[in-house]
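# Secondary and tertiary structure notes
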Amino acid sequence: MAGIALILRYQWRAFWRRFIRTRHRAQFYLTVLTVLVGAFVTILPERLSRAAQELSAGQTTSMDGVLWTFGVLWLFVLVEDANVSLTTRHLRTFPIDTRRLLFVRILSVFCSPVALLIACGSVFSLWPLLFARQTILGTIAALLLFALALVSAMCASTVLSVAEWRRRLLAPMAVIGIALGAVFLAQGVQGVARLRTVAAGTPPNLVSAVSVAATPLAVIVPLTTLVVMNAVVCLLLFWSFRRSVFGESAKQPTGRSVDRVLWFPGRFGGLVRMEQHYFRKTLDVWPGLLLVLAVSVASLFGPLPPIVHQSIIVIVFLFNINVIMNCFGLNTSAELNRYAILPLRGTQVLLVKNLGLTVIVGAQLALLIPIAIWRSGPFEAGAEVLAATVLLLAHLAWGNLVSVTAPFKMQFYRFASNGAPLTTMVGGTIGSTPGIVVLSLLNSESSVSAAAIAGVLLLSLVVYLVSLHWSGRRFEHRRHIIAERLLLTI
Amino acid sequence: MDNPDHGPWGIDARGVTKTFGSVTAVRNLTLRVAPGTLFGFLGPNGSGKSTTVKLLTGLLPPATGEMFVAGHAVSPENIALRRVIGILPEDAALFHSLTIWEHLELSGPLYGLSRQNTRERAIQLLRHLDLERDSGTFIDQASYGMRKKCALAMALLHNPRILFLDEPFEGIDPGSSRNIKDLLVTLAAKGVTIFVTSHILEVVERLITQFAIIIRGEVVCCQTVADVQRAGMTLEDVYFKHAGKPAIGNLAWLGSH
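Residues numbered from 1 in each chain as written. Chains lettered and ligands numbered in written order. Predicted model: local features only at pLDDT ≥ 70, side-chain atom pairs only at ≥ 80, totals over all residues. Heavy atoms only, no water.

In terms of helices and strands, chain B carries nine helices and 10 strands. Since a compact globule built from 257 residues should have a radius of gyration of about 18 Å, the 19 Å found for chain B is in line with a globular shape. With respect to the principal axes defined by its C-alpha atoms, chain B has extents near 60 × 55 × 40 Å. For chain B, buried positions account for 55% of its 257 residues. A fraction of 67% describes how many contacts in chain B between residues 6 or more apart in sequence connect residues 24 or more apart. Counting every atom, chain B has about 11,200 Å² of accessible surface; 51% of that belongs to carbon and sulfur. Between the centroid of the 25 positive side chains of chain B and the centroid of its 25 negative side chains there is a distance of 2 Å. (Helix = DSSP H or I, 4+ residues; strand = E, 2+ residues; numbered from the N terminus. Rg over C-alpha atoms; globule rule 2.2 N^0.38 Å. Buried < 20%, exposed > 50% of the residue type's maximum accessible area, 1.4 Å probe, protein only. Contact = heavy atoms within 4.5 Å. Areas by Shrake-Rupley, 256 points an atom, 1.4 Å probe, with all protein chains shown as cover. Lys, Arg positive; Asp, Glu negative; His and termini not counted. Charge placed at Lys NZ, Arg CZ, Asp CG, Glu CD.)

Listed below in structure tokens is the structure:
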């Protein structure tokens, strides 16, 4: 135990040292903490009070909502897990057995102020259970739920770190997600009702069921289910953790070339291919694709209103925003040196990055176009292409500026965190506005729409070119600073 | 930006200083290397060798001083300079998600080589460096030596006039090391200026024609190997004369079980 305590002491020290040294990390945590504390102070007491009243009357609707919220918040661990300084791979060189390594990894998550706040909020959320019929058993069930959420998030994190498992598990999960999304979209209100029925058997609802149970059987069944679920997930975590740390499967097979599906011609072709390959390895770009796939599948059963397609295009860009605004985030310091060695101007480096992102966005949105032609006609398809082009130019223009001024380290197979949320929000607004204006103009009957749309398109192009040139020059002068920032936030 | 007056020199640095905060990594570096010279840049760990390579290749801007390489002013913006130099940096500067072959394949066209030409040269370089069988290996799974050789192949691919090699023999197997040494000698004979940093004095002594020793950021000695031999000394003698012999600690407890 002394060894674990020692490691955790250094883990804590390293975490906070980085917190202090990296401005963006501090900004990120301060914003997230402000939002969470604000929500806890303003919304939570009222919700908990209502949940307490309902539980005393044997109802669980509000408590279900509270437990669902905290269950989902625990998934934040998936993001935080990537931010620990003393990683398991570093620690495995010490004489520490796997169980202790896993213990260190789980406890390391609590270095983060966000994880600590979620833990405090979770404990606070147990208060309504005092008014429930089964206070003690309900509390035990709730603690099992939080443990389940934490361990599940750790499990997902471990699985994502192993290439072989990513390939085997993520594809079936994506298919299930697309199918559910398509059902939800195609059935509208009925779909929501069906999802609610399915949700009745989920862990948060099991906790509520225990807390209001009137018979021993009504306690034993959900409680046993939670215990079994925890046991299974814990075993899965231990097994996957061991395999990920010591197993050969952690390696990619040698000799497999980067796939050439998303090929790009020209002198920069090789670099563009590499860039899109990097961007593809962040989790941020996948929800957008899944959303488009779900919409496409839903469209097979019947036409969706054009506004759904148009909204999806805007949302896809918002999903991508952290990657677009931090295009050097996946690079190492050594890779930035290579950019300096290659005979490329800063503007060309940025252009290569932008082309890589364009390939990704193109792949994300590609299915929408034929479906729009099929269901709504070529005019609607053209409108979607136009909106996507304007959105792309506006997002890239802002993204280039932020990429060279406020870079932060991103991890492969993780959602981007650590960025400044305010910058992200401003970027989302600036990047989306021209596209939304174009969509409004396209949907309006005004006679000057065409000229206005052409104006917005031209303006976006000019702003993009100015941003590309300025950011490229700035990259040449700030490459060392960017490299230092990326090193600091590893 | 480029100055033809500096043309006769492969490398010409005048009064170059580089500071990192309060630390002076390189102090008043003045160095002239003629074309076709195999120049050794020696010094202990942390003496400023790699920083000097970064300065001379434009990877780091100096605080003061001016530098010309192959007649081109050294600056991070000078693309013409980058086209005529080849660099094997300290960290190899490779992309971890690409294979060795893909590194060469993407590098050639950026230097203006056709794809066909790139492929032909890449095959020959990989064969020479004994990397042919490993060309499909991803960089993040390649050994340290393989990464070095890949970065060296990238440095040579575009047939540079000046080569900067930071510790080229570190982690390289004896066979490849021999091939690299032969290649460097041949290139120097053809007029390519080669700037090599190394810790391995026995290796560089047989290879280089001229050298400088840098200690704590200052060049303390710059002479030819022929001069050293004429004085009846070895490179090691000269090195320890300037760098001093390291202190020996009392490690008697080691091995006492």
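Across chain A, pLDDT averages 83, with 88% of residues at or above 70. Here helix α5 (residues 77–80) of chain A is the element of chain A with the lowest mean pLDDT, 64, and helix α18 (residues 346–365) of chain A is the one with the highest, 93. (pLDDT = per-residue confidence, 0-100.)

All right, on to the interface of chain A and chain B then. Residue-level contacts link 38 residues of chain A with 34 residues of chain B. Across the chain A to chain B interface the summed buried area is about 3,200 Å²; carbon plus sulfur atoms make up 57%. Of all residues in chain A, R338, I341 and P343 of chain A give up the largest surface area on contact with chain B, accounting jointly for 22% of the area buried on that side. Between R273 of chain A and E105 of chain B there is a salt bridge, with the nearest N and O atoms lying 3.8 Å from each other. At the junction of chain A and chain B, the tally comes to 11 residue pairs in polar contact (both at pLDDT 80 or more). Among the elements of the structure, α14 (269–280), α17 (333–341) and α22 (449–488) of chain A are those that each provide at least two residues to the side of chain A that touches chain B. Counting residues per element, the side of chain A that touches chain B draws most heavily on α17 of chain A, which supplies seven residues. Grouping the amino acids of the side of chain A that touches chain B by side-chain chemistry returns 15 nonpolar, 11 polar and 12 charged. (Buried area = accessible area lost by both parts, 1.4 Å probe. Salt bridge = Lys/Arg side-chain N within 4 Å of Asp/Glu carboxyl O. Polar contact = N/O pair within 3.5 Å; in protein donor to acceptor, adjacent residues only side chain to side chain. Nonpolar A, V, L, I, M, F, W, Y, C, P; charged D, E, K, R; others polar.)

Tallying each qualifying case throughout the model produces five cavities of 30 Å³ or more. Put simply, the largest cavity is a space of about 90 Å³. The wall of the largest cavity is formed by 14 residues, among which A340, E476 and R479 of chain A together with P76 and R82 of chain B lie closest to the centre. Listed by contribution, the elements that provide at least two residues to the lining of the largest cavity are α17, α18 and α22 of chain A. For the lining of the largest cavity, a count of residues per class yields seven nonpolar, three polar and four charged. (1 Å grid on protein atoms, 1.4 Å probe; cavity = no way out; pocket = protein on both sides within 12 Å on 5 of 7 lines; lining within 4 Å. Points joined across faces, edges and corners; volume = space filled by probe spheres on them.)

Turning next to the environment of V109 of chain A. Within the secondary structure, V109 of chain A is located in the loop between α7 (98–108) and α8 (113–124). A sequence separation of 56 residues divides V109 of chain A from W165 of chain A, and the C-alpha atoms of the two residues are 23 Å apart.

On to the packing of aromatic side chains, then. Remark: the centre distance and the inter-plane angle together describe each pair of aromatic rings, the angle taken between the planes. The final tally for this structure, using the stated rule, is 11 aromatic pairs over all chains. Relative to F412 of chain A, the ring of Y278 of chain A lies with its centre 5.4 Å away and its plane at 85°, an arrangement referred to as edge-to-face. Pair noted here: Y278 of chain A is in helix α14 and F412 of chain A is in the loop between α20 (378–405) and α21 (421–443), with a separation of 134 residues, a long-range link. With centroids separated by 5.4 Å and ring planes inclined at 15°, the aromatic side chains of F39 of chain B and F195 of chain B adopt a geometry described as stacked. Of this pair, F39 of chain B sits in strand β3 (residues 38–42) while F195 of chain B is found in strand β8 (residues 193–198), placing the two residues 156 residues apart along the sequence. An aromatic cluster of three or more residues is present, and its members are F39, F41, F164 and F195 of chain B. The residue whose ring lies beneath K281 of chain A is F412 of chain A, and the NZ or CZ to ring-centre distance is 4.8 Å. (Phe/Tyr/Trp six-rings, centres within 6.5 Å; stacked < 30°, edge-to-face > 60°. Lys NZ or Arg CZ within 6 Å of the ring centre and 35° of its normal.)

Attention now goes to the sheet that holds strand β2 (residues 23–33) of chain B. All names here are of chain B. The strand order across the open sheet formed by four strands is β2-β1-β4-β5, and the pairing between neighbours is antiparallel. A strand with exactly one partner marks an edge of an open sheet, and here the two such strands are β2 and β5 (72–73). Across two bridges, strand β4 (residues 64–69) lies against β5 in antiparallel orientation. Counted as the bridge partner of F68 is A73 from β5. Against the sheet, helix α1 (residues 49–56) makes contact with β1 (11–20), β2 and β4, and its axis sits at roughly 120° relative to β1, the strand it touches most. (Pairing = 2+ DSSP bridges. Axes fitted to C-alpha atoms, helices over the stretch in contact; angles between N-to-C directions.)

What follows deals with the pairing of β4 of chain B. All names here are of chain B. Where β1 and β4 come together, five bridges link them in antiparallel fashion. In the strand pairing of β4, R14 is matched with E66. Where β4 folds back onto β5 in an antiparallel hairpin, the turn is made up of two residues, including A70, whose phi is positive at roughly 50°.

Residue and element names in this part refer to chain B. Packing of helix α3 (residues 100–110) against helix α4 (residues 115–128) brings their axes to within 9 Å, and their N-to-C directions diverge by 140°. By the angle between their axes, α3 is oblique relative to α4. In this structure, α3 meets α4 at a crossing whose hand is right-handed. In this structure, α3 contributes I100, W101, L104, E105, G108 and P109 to the contact, and α4 contributes R115, T118, R119, A122, I123 and L126. Split by residue class, the contact of α3 with α4 holds seven nonpolar, two polar and three charged. (Parallel < 35°, antiparallel > 145°, perpendicular 65-115°, else oblique. Left-handed = near helix turned anticlockwise from the far one by under 90°.)

The next subject is the side chain of K149 of chain B. Within the element layout of this structure, K149 of chain B appears in helix α5 (residues 144–157). In this structure K149 of chain B touches L129, D130, L131, I172, D173 and S176 of chain B, once residues within four positions along its chain are discounted.

All right, on to the confidence of the model for chain B then. Counting all residues, the mean pLDDT for chain B is 89, and 97% of those residues have values of 70 or more. This prediction of the complex comes with two scores: 0.74 for pTM and 0.70 for ipTM.

All names here are of chain B. One non-glycine residue with positive phi stands out, namely A93, at about 50°. Topologically, A93 is positioned in the loop between β6 (85–88) and α3. Not every positive phi belongs to a glycine, and R216 is a case in point at roughly 45°. As for its position among the elements, R216 is in the loop between β9 (210–215) and β10 (218–224).

Judged by nonpolar contacts, the single largest core of 95 residues is most densely connected at L271, F328, L365 and F475 of chain A together with V69, F164 and F195 of chain B. When residues of this core are assigned to their parent elements, the largest contribution, 10 residues, is made by α20 of chain A. With residues near it in sequence (within four places) discarded, V69 of chain B still touches G10, I11, L56, V74, L81, I85, I162 and F164 of chain B. (Core = buried A, V, L, I, M, F, W, Y, C linked by side-chain atoms within 4.5 Å.)

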